[in-house]
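# Structure at a glance
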Amino acid sequence: MKRGEVRERILEAGEALVRQHGLNGVSFRDLAEQVGVKSASVHYHFPTKDDFLLVLAQRYSERFLETAESVIASGKTVAEKVRGYSNLFLAAFAEDGRMCLCGILAAEAADLSDPVRREIAGFFDANINMLKGVLGDASEARFVVTSLEGAMLLARVEKSPQHLESTARDLSERYRGRN
């Protein structure tokens, strides 16, 4: 396995593990075992857990925002754009019952370094700014993001997408008739 491939596999495994178990539920030993390498290989690519988390959050943020922008651009009405955005959360939960990476890390912000905390805050700011462009109002954009993140928490606790699905419907209905 090439170095770049090992690094990517560590990030993929790390994202899945952190989204499932949270920050404190993942060790470099877990990552090494999941990827099939020695712990030293994980440390080679990411000398500290903070280094790992920062790259992980940056990677997740870039991918999520790129997908969200594409989904929003494909909607014709505000309700369709919000529904498409909501569907990203529904799809993530349906795929594996896992949390949004930045959402679960935000819940553990007290244990994050300042650079990682800033990256997570940047993720939410970018989502709010993107939705502000759709909704025309930062408070409405914050409402959408926090509603979906909160509904994802409830879905996770109850092991059911019910709250997430109803929140997505409610948000779509809230913006029906807006262009």
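For the rest of this paragraph, the subject is the state of the cysteines. Taken as a whole, this structure holds zero disulfides when the rule is applied. We note that C100 lacks a disulfide partner, and the nearest cysteine sulfur, in C102, lies 5.3 Å from it. A relative accessible area of 2% places C100 in the buried class. Relative accessible area serves as the criterion here: at 1%, C102 is assigned to the buried category.

What follows deals with the confidence of the model for the protein. Put simply, the protein has an average pLDDT of 94, and 99% of its residues get 70 or more. Confidence, read as mean pLDDT per element, is least for helix α1 (residues 3-21) in the protein (91) and greatest for helix α7 (residues 114-135) (97).

Next up on the list: the side chain of S86. Tracing the chain through its elements places S86 in helix α5 (residues 78-96). Look past the residues within four positions of S86 in its chain and what remains in contact with it is L148, A168 and L171.

Packing of α5 against α7 brings their axes to within 10 Å, and their N-to-C directions diverge by 160°. By the angle class used here, α5 and α7 are roughly antiparallel. For the pair α5 and α7, the contacting residues are V78, K81, V82 and Y85 in the first and N127, M130, L131, V134 and L135 in the second. Looking at side-chain class alone, the contact of α5 with α7 contains seven nonpolar, one polar and one charged residues.

A few words now on the nonpolar core. Core analysis: the biggest nonpolar cluster contains 60 residues, and L31, F52, Y85, L135, V144 and L164 have the highest contact counts within it. Not counting residues up to four positions away in its chain, the partners in contact with L31 are I10, A13, G14, L17, V26, V42 and F52.

Next up on the list: the packing of α5 against helix α9 (residues 162-174). One can describe the packing of α5 onto α9 by two numbers: an axis separation of 9 Å at closest approach and a directional angle of 170°. As the angle between them shows, α5 and α9 are arranged roughly antiparallel. Between α5, through A79, V82, R83, S86, F89, L90 and F93, and α9, the contact on the second element is made entirely by L164, E165, A168, R169, L171 and S172. Residue composition of the contact of α5 with α9, by class: eight nonpolar, two polar and three charged.

About the thresholds
Residues numbered from 1 in each chain as written. Predicted model: local features only at pLDDT ≥ 70, side-chain atom pairs only at ≥ 80, totals over all residues. Heavy atoms only, no water. Disulfide = S-S within 2.5 Å. Buried < 20%, exposed > 50% of the residue type's maximum accessible area, 1.4 Å probe, protein only. pLDDT = per-residue confidence, 0-100. Helix = DSSP H or I, 4+ residues; strand = E, 2+ residues; numbered from the N terminus. Contact = heavy atoms within 4.5 Å. Axes fitted to C-alpha atoms, helices over the stretch in contact; angles between N-to-C directions. Parallel < 35°, antiparallel > 145°, perpendicular 65-115°, else oblique. Nonpolar A, V, L, I, M, F, W, Y, C, P; charged D, E, K, R; others polar. Core = buried A, V, L, I, M, F, W, Y, C linked by side-chain atoms within 4.5 Å.

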